[in-house]
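What follows is each chain in one-letter form.
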Amino acid sequence: MGMFLETLIGGLMSGMLYSLIALGFVLIFKASGVFNFAQGAMVLFAALAMARFSEWIPQWTGLQGKVLVNVLAFAVALALMVVLAWAIQKLVLSRLVNQEGITLLMATLGITYFLDGFGQTLFGSAIYKIDVGMPKDPLFLFDQTFPGGILVGQEDLIATGIAALLVGVLSLFFQYTSTGRALRAVADDHQAAQSIGIPLARIWVIVWSVAGFVALVAGIIWGSKLGVQFSLSLVALKALPVVILGGLTSVPGAIVGGLLIGVGEKLSEAYLGPMLGGGIEIWFAYVLALVFLLVRPQGLFGEKIIDRV
């Protein structure tokens, strides 16, 4: 039971981080109908910005306090992501309104490779670290109940709490604020929203800015855990099965899908891995997504579209 609970908790913590990245996909798709394949590149770009500005700010200003430097680096990186969101909307998406879905998908693929190359040109291609002061030492919980206790990483625990808090705040933002209601109106019907005076261009900039903010937080968390390197964008693509499982148009679906995949891959690796030779954690999420595409392509919480002739 101790091993099972330890694996389950680890899966829930990983799943919440997947949900955070998947939220970026869902937000943009809901508001603009664009499947943003560049979300992984945005996570990498934001993490690079955070890592490099946290190095450069002490050199430029002479500041030495870690907290102050990290706050300033976060603010500058966030401003950069907002400018990036504005540029993507103005220079790319606004010129592709009412185009076919494949055209928009190819545009986001182009943005992906541009961000990968531009990030390398701007920030360098080495492996960088992000140190925001999260403790690395593990915790042993319930050591009086189970032999040896349950091993939980403090860094993972804090990262999960931050991700859960951000997901909850964004959910409340979409549900109870006027801007959030405008975003939901645009997601339901672009033309109807525009007819009552909701400016689509401003809404899309807001959505891409929020997605940039989510990418920055996710990049800081994953960069602190794994180091900032160009394989980080591949980690972010783990959110693709999450949005397929939960539904491309559902914020709760992104949360539930991330938790299911996080728990599923950890439990399958722990209990099926020894029998099948290991490596299940690498492909489990994609196989589960394929099964859902065959059985329920709209996902658990997605909208089922019925075309009548």
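Here's a quick rundown of the structure.

With respect to the overall build of the protein chain
Thinking step 1. Of regular secondary structure, the protein chain possesses 13 helices and 2 strands.
Thinking step 2. Taken over the C-alpha trace, the protein chain has a radius of gyration of 20 Å; the compact-globule value for 309 residues is 19 Å, and the two agree within 12%.
Thinking step 3. Once the C-alpha set of the protein chain is aligned to its principal axes, its extents read approximately 65 × 60 × 35 Å.
Thinking step 4. Total accessible area computed for the protein chain in this model is approximately 15200 Å², and 67% of it derives from carbon and sulfur atoms.
Thinking step 5. The distance from the centre of the 16 positive side-chain charges to the centre of the 16 negative ones in the protein chain is 9 Å.

Some thoughts on the pattern of salt bridges
Thinking step 1. Inspection of the entire model under this criterion finds 4 salt bridges.
Thinking step 2. Residues Asp 131 and Lys 66 are paired through a salt bridge, measuring 3.0 Å at the closest nitrogen-oxygen approach. Taken together, the positions of Asp 131 in the loop between helix 4 (101-123) and strand 1 (138-141) and Lys 66 in helix 3 (residues 66-91) put the pair 65 residues apart, joining distant regions of the chain.
Thinking step 3. What makes Asp 131 partly exposed here is its relative accessible area of 38%.
Thinking step 4. Judged by relative accessible area, which is 44%, Lys 66 ranks as partly exposed.
Thinking step 5. One salt bridge connects Glu 281 with Lys 266, and the closest N-O pair in it is separated by 3.0 Å. You can see Glu 281 sitting in helix 13 (residues 280-295) and its partner Lys 266 sitting in helix 11 (residues 251-271), a full 15 residues away along the chain.
Thinking step 6. Since its relative accessible area comes to 24%, Lys 266 is described here as partly exposed.

Things to note about the packing of aromatic side chains
Thinking step 1. Under the definition given, this model contains 12 aromatic pairs.
Thinking step 2. With a centroid separation of 6.1 Å and 15 degrees between ring planes, the pair formed by Phe 45 and Phe 118 is classed as stacked. You can see Phe 45 sitting in helix 2 (residues 39-61) and its partner Phe 118 sitting in helix 4, a full 73 residues away along the chain.
Thinking step 3. Considering the side-chain rings of Phe 45 and Phe 123, the 5.6 Å spacing of their centres and the 70 degrees angle between planes classify their relative orientation as edge-to-face. Taken as a pair, Phe 45 in helix 2 and Phe 123 in helix 4 lie far apart in primary sequence, 78 residues in all.
Thinking step 4. You can call Phe 45 buried: its relative accessible area is 2%.
Thinking step 5. On the basis of relative accessible area, Phe 123 is assigned to the buried category, the value being 2%.
Thinking step 6. Through pairs of rings, three or more aromatic residues link up here, namely Phe 45, Phe 53, Trp 56, Trp 60, Phe 114, Phe 118 and Phe 123.

Looking at the pairing of strand 2 (residues 150-153)
Thinking step 1. Here strand 2 shows a buried face lined by Ile 150 and Val 152 and an unburied face lined by Leu 151 and Gly 153.
Thinking step 2. Relative to strand 2, strand 1 runs antiparallel, the two sharing 4 bridges. The residue bridging Leu 139 from the neighbouring strand is Val 152, located in strand 2.

Section: the environment of Trp 86
Thinking step 1. Turning to its location among the elements, Trp 86 is positioned in helix 3.
Thinking step 2. Expressed as a C-alpha distance, the spacing of Trp 86 and Val 207, which sit 121 residues apart in the sequence, is 10.0 Å.

Quick word on the side chain of Asn 36
Thinking step 1. With respect to the element layout, Asn 36 can be found in the loop between helix 1 (2-32) and helix 2.
Thinking step 2. Side chain to side chain, Asn 36 and Gln 39 meet in a polar contact 3.1 Å long.
Thinking step 3. Setting aside chain neighbours within four positions, we find Asn 36 in contact with Phe 25, Ile 28, Met 42, Thr 108 and Trp 208.

With respect to the nonpolar core
Thinking step 1. Leu 20 and Ile 21 are the most contacted members of the largest nonpolar core, which totals 80 residues.
Thinking step 2. Top contributing element to this core by residue count: helix 8 (residues 200-226), with 15 residues.
Thinking step 3. Not counting residues within four places of it along the chain, the set of residues in contact with Ile 21 comprises Gln 39, Val 43, Ala 218, Trp 222, Ala 236 and Ala 239.

Thoughts on the packing of helix 2 against helix 4
Thinking step 1. Look at helix 2 against helix 4: their axes get within 9 Å of each other, and the N-to-C directions meet at 10 degrees. Taken together, the axis directions place helix 2 and helix 4 in an arrangement best described as roughly parallel. Taken together, the residues of helix 4 that come into contact with helix 2 (itself represented by Ala 41, Met 42, Leu 44, Phe 45, Leu 48, Ala 49, Arg 52, Phe 53 and Trp 56) are Thr 112, Leu 115, Asp 116, Phe 118, Gly 119, Leu 122 and Phe 123.
Thinking step 2. Counted by class, the contact of helix 2 with helix 4 contains 12 nonpolar, 2 polar and 2 charged residues.

Conventions we followed
Position labels on residues start from 1 in each chain and follow its written sequence. Per-residue local features of the predicted model are confined to residues with pLDDT of at least 70, and side-chain atom pairs are confined, for both listing and counting, to 80 or more; whole-chain, interface and lining totals are unaffected and use all residues. Note that the side-chain values use all heavy atoms of the structure and ignore hydrogens as well as water. Each helix is a run of DSSP H or I of at least 4 residues and each strand a run of E of at least 2, with the numbering of both proceeding from the N terminus. Note on method: radius of gyration uses C-alpha positions; expected globular size equals 2.2 Å times residues raised to 0.38. The method behind every accessible area is Shrake-Rupley, applied with a 1.4 Å probe, and residues are considered shielded solely by the protein chains displayed. For the charge count, each Lys or Arg is scored as positive and each Asp or Glu as negative, with His and the chain ends excluded. Charge positions are represented by NZ for Lys, CZ for Arg, CG for Asp and CD for Glu. By definition, a salt bridge exists where a carboxyl oxygen of Asp or Glu is found within 4 Å of a side-chain nitrogen of Lys or Arg. Only protein chains enter the calculation, and the probe is 1.4 Å; a residue is then buried if its accessible area is under 20% of its type maximum, exposed if over 50%, and partly exposed in between. Only Phe, Tyr and Trp rings take part, Trp by its six-membered ring, and two of them pair if their centres are within 6.5 Å. Stacked means planes under 30 degrees apart, edge-to-face means over 60, and tilted covers everything else. Strand pairing is defined by DSSP finding a minimum of two bridges between the two strands. Under this definition, polar contacts are N or O atom pairs within 3.5 Å; protein pairs additionally need one hydrogen-donor-capable and one acceptor-capable atom, and for neighbouring residues in sequence, both atoms have to be side-chain atoms. The contact definition used throughout considers only heavy atoms, calling two residues in contact when any of these lie within 4.5 Å. As used in this record, nonpolar core signifies buried Ala, Val, Leu, Ile, Met, Phe, Trp, Tyr and Cys residues forming a set joined through side-chain atoms within 4.5 Å. All axes are obtained by fitting lines to C-alpha atoms, using only the stretch in contact for helices, and the reported angles, taken between N-to-C directions, cover 0 to 180 degrees. Roughly parallel refers to an angle under 35 degrees, roughly antiparallel to one over 145, roughly perpendicular to one between 65 and 115, and oblique to any angle outside these ranges. Three categories are distinguished: nonpolar for Ala, Val, Leu, Ile, Met, Phe, Trp, Tyr, Cys and Pro, charged for Asp, Glu, Lys and Arg, and polar for the others, with Gly belonging to the last.

Treat this as a map of the structure, not an account of what it does.
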